[in-house]
Amino acid sequence: MIESLRGFIKPGSEEEALIQKIDFSKLPKHVAVIMDGNGRWAKMRNLPRVEGHKAGLKAVKEIVETCPRMGIKYLTLYAFSKENWKRPQKEVKTLWGLLANYLKKESSVLVKNEFRLNVIGQMEQIPERTKKELVRVMDMTRNYDKFIINLALNYSGRSEIVDAVKKILDTDRIKGNDLNEELFSKYIYTSGIPDPDLLIRTSGELRISNFLLWQIAYSEIWVTPVYWPDFNRRNMIEAILEYQSRERRFGDIKAG
Ligand code: IPE
Ligand code: IPE
Ligand code: MG
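The sections below set out a description of the structure shown in this document.

About the thresholds
Residues numbered from 1 in each chain as written. Chains lettered and ligands numbered in written order. Predicted model: local features only at pLDDT ≥ 70, side-chain atom pairs only at ≥ 80, totals over all residues. Heavy atoms only, no water. Helix = DSSP H or I, 4+ residues; strand = E, 2+ residues; numbered from the N terminus. Rg over C-alpha atoms; globule rule 2.2 N^0.38 Å. Pairing = 2+ DSSP bridges. Axes fitted to C-alpha atoms, helices over the stretch in contact; angles between N-to-C directions. Contact = heavy atoms within 4.5 Å. Near = heavy atom within 4 Å. Polar contact = N/O pair within 3.5 Å; in protein donor to acceptor, adjacent residues only side chain to side chain. Areas by Shrake-Rupley, 256 points an atom, 1.4 Å probe, with all protein chains shown as cover. Nonpolar A, V, L, I, M, F, W, Y, C, P; charged D, E, K, R; others polar. Phe/Tyr/Trp six-rings, centres within 6.5 Å; stacked < 30°, edge-to-face > 60°. Buried < 20%, exposed > 50% of the residue type's maximum accessible area, 1.4 Å probe, protein only. Lys NZ or Arg CZ within 6 Å of the ring centre and 35° of its normal.

Time to look at the overall build of the protein chain. Scanning the protein chain from N- to C-terminus turns up eight helices and six strands. Mapped from its N terminus to its C terminus, the protein chain presents α and β elements in the order α-β-α-α-β-α-β-α-β-α-α-β-β-α. For the protein chain, the C-alpha radius of gyration of 19 Å lies close to 18 Å, the compact-globule estimate for 256 residues. Taking the principal axes of the C-alpha coordinates as reference, the protein chain spans close to 60 × 50 × 35 Å.

Listed below in structure tokens is the structure:
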């Protein structure tokens, strides 16, 4: 067991047995998660959808606590898509409010642990109170690098690509002939961050929903039927074990 997990995982527990199976030399560097199923989780319990979102924040807390202890360096969480504005205004408003409250409460934990918070997505349209909190926490944590959390907010993979093209055209310096994948990658929201090795989607939906279209070209995809509010440390360990059982060939005929 690695040192950071000692005292965190109960000795003799099922979780501990699962953790023993992890190869810590082959961890995904970057895990991205489509946190889906909050609404259905609530519906199943005859609760309003917002209760699902509240419960979803608890799952976020557990995963944010677990990933760095396991040695994962980057975590990208899909929390609000550009398409999610289509939802009833009341739900949208509550979601942004919950996020602002969460940031108020949890920012000290991020600072204490030296975790960095980063936003990917178009921040301009984010409601003022939430945007203020985001900017505050991003400023406070910008020099930390123990663990990097990318929150995808008002995010759209297609918009990200169009935004990159706009930035490139605005530079004047780059001619069509100069452009290549490496250079293009410098203009997307996740510039400087390695592509996700593992993409998790909860709630069983088999689609990408406009998430990280450029970055997931060779990510391993793992879909679980578990609704996001029920997703826990154990599920994360299962995802990593499944990831480690895959043969990543990148087009070759054997693993590189
Ligand atoms: C994911 O859960 C959270 C957001 C998209 C904000 P949903 O709210 O999409 O839950 P379902 O898919 O309706 O169950
Ligand atoms: C994707 O979930 C967006 C987030 C998890 C933030 P959705 O619930 O919005 O996706 P669809 O509509 O089922 O594709
Ligand atoms: Mg959904």
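So, on to the sheet that holds strand β1 (residues 30-34). Across the sheet, which stays open at both edges, the six strands sit in the order β3-β4-β2-β1-β5-β6 with parallel pairing between neighbours. Each edge of the open sheet carries a strand with a single partner, namely β3 (115-120) and β6 (220-223). Here the average twist between neighbouring strands, direction ignored, is 20°. Alignment of β1 against strand β2 (residues 74-78), held across five bridges, turns out to be parallel. Bridge pairing in β2 links Ile34 to Tyr78. Here helix α4 (residues 89-113) sits on the sheet and contacts β3 and β4 (147-152); the angle it forms with β3, its principal contact strand, is near 140°. Running over the sheet, helix α8 (residues 233-245) touches β1, β5 (198-201) and β6 and is turned about 140° from β6.

Right, let's get into the site of ligand 2. Residues in close proximity to ligand 2 include Ile34, Met35, Asp36, Tyr78, Ala79, Phe80, Asn84, Arg87, Arg201, Arg207 and Ser209, which together make up its full environment. Arg87 is positioned such that a nitrogen or oxygen atom in its side chain is 3.3 Å from an oxygen atom of ligand 2. Taking 390 Å² as the accessible area of ligand 2 by itself, protein coverage stands at 78%. Among the residues forming the shell around ligand 2, the class breakdown is five nonpolar, two polar and four charged.

Turning our attention to the packing of aromatic side chains. All chains considered together, the criterion is met by 11 aromatic pairs. Taking 5.0 Å as the distance between ring centres and 70° as the angle between the ring planes, the aromatic pair formed by Phe80 and Trp85 counts as edge-to-face. Looking at Phe80, the relative accessible area reads 2%, which means it is buried. In this structure an aromatic cluster arises from ring pairing among Tyr78, Tyr155, Tyr189 and Phe211. The ring centre of Phe8 lies 4.3 Å from the NZ or CZ of Arg233, which sits over that ring.

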